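What the coordinates show
Here are the chains, one letter per residue:
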Amino acid sequence: MDSLSSKKIYIETYGCQMNFSDSEIVASVLTEHGYLITRAIQSADIILLNTCSIRDHAEQRVKKRLQQIRVFKKKKPDLTIGLLGCMADRIKNVLLEEEHLLDIIAGPDAYRDLPRLLDQVESGQRGVNTLLSLEETYADITPVRLGSNGVSAYISIMRGCENYCSYCVVPFTRGRERSRDARSIIRESQELVGQGFREVTLLGQNVNSYRSNEGNDKINFARLLDRIASINPLLRIRFATSHPKDISDELLETIAIHPTICRALHLPVQSGSNRVLSRMNRKYTREEYLERVETIRNVIPGCAISTDIISGFCDETEEDHQETLSLMAQVKFDYAFMFNYSERPMTPAAKTLKDNVPREVKERRLTEVIGLQQKLSFESNKQDLGRVFEVLIEGNSKRSADHFMGRNSQNKVVVFPKTTAGPGEYVQVKVFSFTSATLLGETVQ
Ligand code: 5AD
Ligand code: SF4
């Protein structure tokens, strides 16, 4: 054991599911080296922020948090502060003021190096590693499940992205696309089942372009899903995120034949206008997207479809915006994440296009997009009234100790009065009411 070994680490995570999964890898690397993970920031010797750069808003939140942490550090000067993840390489541009506060800066591919970086800090230096890797997938690292409910877990299956959507910083913060080998993913899934987990979410920036080799055998995402679905009939499988251009018929058919692969696809459309899609370098048209949706509905009846939408991208006209609204109404998304465009440094859009939609216009359009989605989500929930769903119980409802919460295959949260079944078990729940984000029901035989 080294001299730091009993130090307590507090990890705070910003951004996407992928980042939460990364924090679990960080926790694993550090606990292997004798560090302890604490959930109480007050008792921490080391605070690590795992950051996100996807939108300006995410970076602003981290900046604010660092100001609070500066106050902490005044009271406790021995505190070690580290900034991990997507903002690491951008630190010079965005965090000049806070820079001297940071003892450690580590990019998304540098987590194995954290023990060495912490040793450097111990000897009075700063620990910095923002190198991106062509190979790192952390395949052999068993994540420490942080904040886990013991029922559902994330499994990272690939890293990086090479789609180069013109607005997106991910190819620059997370580097080249690489897939983790299938055997290590299957082993991790089996171990999770053995520990009582009943749901895995396979994560990658674009899981549909997953590729690995087993000898001469090529494993694509459909085959990987098929393998995982064969592990145990009690294990549910989710995945995110899918790129519309890569969602193949083979994949849809694989989902269709396995009831344990959840009936919920997250298929970011970003815009309903072909002009905007082309400037975004999305590599599909509105018509192609609608064709995929139709095929999904035919091949996987009852499949929920959610999406991401960006309002106010460069040169977006009122007509483009109307096309987004009309596409939303046509697809009837069950759920959507909706954002104003924010220009990110280094991206093709920042280099070649003008962020020229005025802020008020962006905001008004986003409000319209959100307003429409609220109606669509309401309609989607209303259609569930009277239906019976299989629900995997995750734990107590946040609002009431007399109720459990779980999810149906479509990824909707379902709340119902407790029965003899418990977390990790499946129950049939009939829906009798709903709020904007939750279906309410009761168990039936
Ligand atoms: N501005 C606004 N939203 C963005 N996203 C990605 N980059 C940007 C940006 N520069 C959104 C996209 C993506 C989701 C993860 O974040 O909708 O699908
Ligand atoms: Fe944010 Fe993208 Fe990094 Fe995830 S990969 S943390 S969304 S910048």
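Residues numbered from 1 in each chain as written. Chains lettered and ligands numbered in written order. Predicted model: local features only at pLDDT ≥ 70, side-chain atom pairs only at ≥ 80, totals over all residues. Heavy atoms only, no water.

**As for the sheet that holds strand β16 (residues 335-340)**
Taken in spatial order, the three strands make up an open sheet running β14-β15-β16, and their pairing is parallel. With partners counted over all chains shown, the strands left at the sheet margins are β14 (264-266) and β16, one partner each. Across the sheet, the mean angle separating the axes of adjacent strands is 15° when strand polarity is ignored. Bridge analysis of strand β15 (residues 304-311) against β16 gives six bridges, and the strand direction is parallel. In the strand pairing of β16, threonine 307 is matched with alanine 336. Here helix α11 (residues 286-299) sits on the sheet in contact with β14 and β15, set at roughly 160° to β15. Contacting β15 and β16, helix α14 (residues 359-383) crosses the sheet at an angle of about 175° to β16. (Pairing = 2+ DSSP bridges. Helix = DSSP H or I, 4+ residues; strand = E, 2+ residues; numbered from the N terminus. Axes fitted to C-alpha atoms, helices over the stretch in contact; angles between N-to-C directions. Contact = heavy atoms within 4.5 Å.)

**Some remarks on the site of ligand 2**
Close to ligand 2 lie Cys16, Asn19, Cys52, Ser53, Ile54, Cys86, Val170, Arg174 and Gln205. Tallied by class, residues from the shell around ligand 2 come to five nonpolar, three polar and one charged. Two domains share the shell around ligand 2, each providing at least three of its residues, namely domain 1 (8-129) and domain 2 (152-382). (Near = heavy atom within 4 Å. Nonpolar A, V, L, I, M, F, W, Y, C, P; charged D, E, K, R; others polar. Domains from an automatic or database assignment.)

**Comments concerning the pairing of strand β21 (residues 438-444)**
One ladder, built from three bridges, connects strand β19 (residues 413-417) with β21; its direction is parallel. Bridge pairing in β21 links valine 415 to leucine 440. For strand β20 (residues 426-434) and β21, the ladder comprises six bridges, and the chain directions are antiparallel. The residue bridging valine 431 from the neighbouring strand is glycine 441, located in β21. Taking the residues that link successive antiparallel strands as the turn, the β20-β21 hairpin has three residues.

**Considerations on helix α1 (residues 17-32)**
One full turn of an α-helix is made of 3.6 residues, so residues set three or four places apart face in the same direction. The end-to-end C-alpha distance of α1, which contains 16 residues, comes to 23 Å, matching closely the 22 Å that a straight helix rising 1.5 Å per residue would cover. Most of α1 is tucked away, with 12 of its 16 residues classed as buried. Once α1 finishes, glycine 34 follows within two positions and takes phi at roughly 90°, a positive value. (Expected span 1.5 Å × (residues − 1). Buried < 20%, exposed > 50% of the residue type's maximum accessible area, 1.4 Å probe, protein only.)

**A word on the site of ligand 1**
In the vicinity of ligand 1, the contacting residues are Ile54, Arg55, Tyr167, Gln270, Asp308, Ile310, Phe339, Asn340, Tyr341, Ser342 and Arg344. The separation between a nitrogen atom of ligand 1 and a polar main-chain atom of tyrosine 167 is 3.1 Å. Within the side chain of aspartate 308, an N or O atom sits 2.6 Å from an oxygen atom of ligand 1. When the free accessible area of ligand 1 is taken as 400 Å², the share hidden by the protein chains comes to 87%. Going through the elements one at a time, β15 and β16 are the ones with two or more residues in the shell around ligand 1. (Polar contact = N/O pair within 3.5 Å; in protein donor to acceptor, adjacent residues only side chain to side chain. Areas by Shrake-Rupley, 256 points an atom, 1.4 Å probe, with all protein chains shown as cover.)

**Focus on the domain arrangement of the protein**
Per the domain assignment, the segments making up the protein are domain 1 (8-129), domain 2 (152-382) and domain 3 (388-444). Using C-alpha coordinates to define each centre, domain 1 is positioned 28 Å away from domain 2. The interface of domain 1 with domain 2 comprises 16 residues on the first partner and 19 residues on the second. Contact between domain 1 and domain 2 buries roughly 1,700 Å² in total, counting both sides, with carbon and sulfur atoms accounting for 54%. Among the residues domain 1 hides against domain 2, the three largest losses belong to Gln17, Met18 and Arg55. Together they make up 35% of the total. (Buried area = accessible area lost by both parts, 1.4 Å probe.)

**Digging into the packing of aromatic side chains**
For the structure shown, the criterion picks out 10 aromatic pairs. For the pair tyrosine 111 and tyrosine 138, a centre-to-centre distance of 5.9 Å together with 15° between the ring planes defines the contact as stacked. On the criterion of sequence distance, the pair formed by tyrosine 111 in the loop between β5 (104-106) and α5 (114-122) and tyrosine 138 in the loop between β6 (127-129) and β7 (152-156) is long-range, its members being 27 residues apart. With respect to burial, tyrosine 111 and tyrosine 138 carry one shared label: buried. Between phenylalanine 404 and phenylalanine 416, the ring centres sit 6.3 Å apart and the planes meet at 55°, which makes this aromatic pair tilted. Pair noted here: phenylalanine 404 is in strand β18 (residues 403-407) and phenylalanine 416 is in strand β19, with a separation of 12 residues, a long-range link. Neither phenylalanine 404 nor phenylalanine 416 differs from the other in exposure class; each is buried. Feature note: the residues Tyr167, Phe313 and Tyr341 constitute an aromatic cluster, connected by ring pairs. (Phe/Tyr/Trp six-rings, centres within 6.5 Å; stacked < 30°, edge-to-face > 60°.)

**What to know about the sheet that holds β5**
The six strands lie next to each other as β2-β1-β3-β4-β5-β6, forming an open sheet whose pairing is parallel. A strand with exactly one partner marks an edge of an open sheet, and here the two such strands are β2 (36-37) and β6. For strand β4 (residues 80-85) and β5, the ladder comprises three bridges, and the chain directions are parallel. When the sheet's bridge partners are listed, leucine 84 is paired in β5 with alanine 106. Against the sheet, helix α2 (residues 56-75) engages β1 (8-13), β3 (46-51) and β4, with an angle of about 175° to β3. Where α5 meets the sheet, it contacts β1, β3, β4, β5 and β6, and its direction lies at approximately 160° from that of β5.

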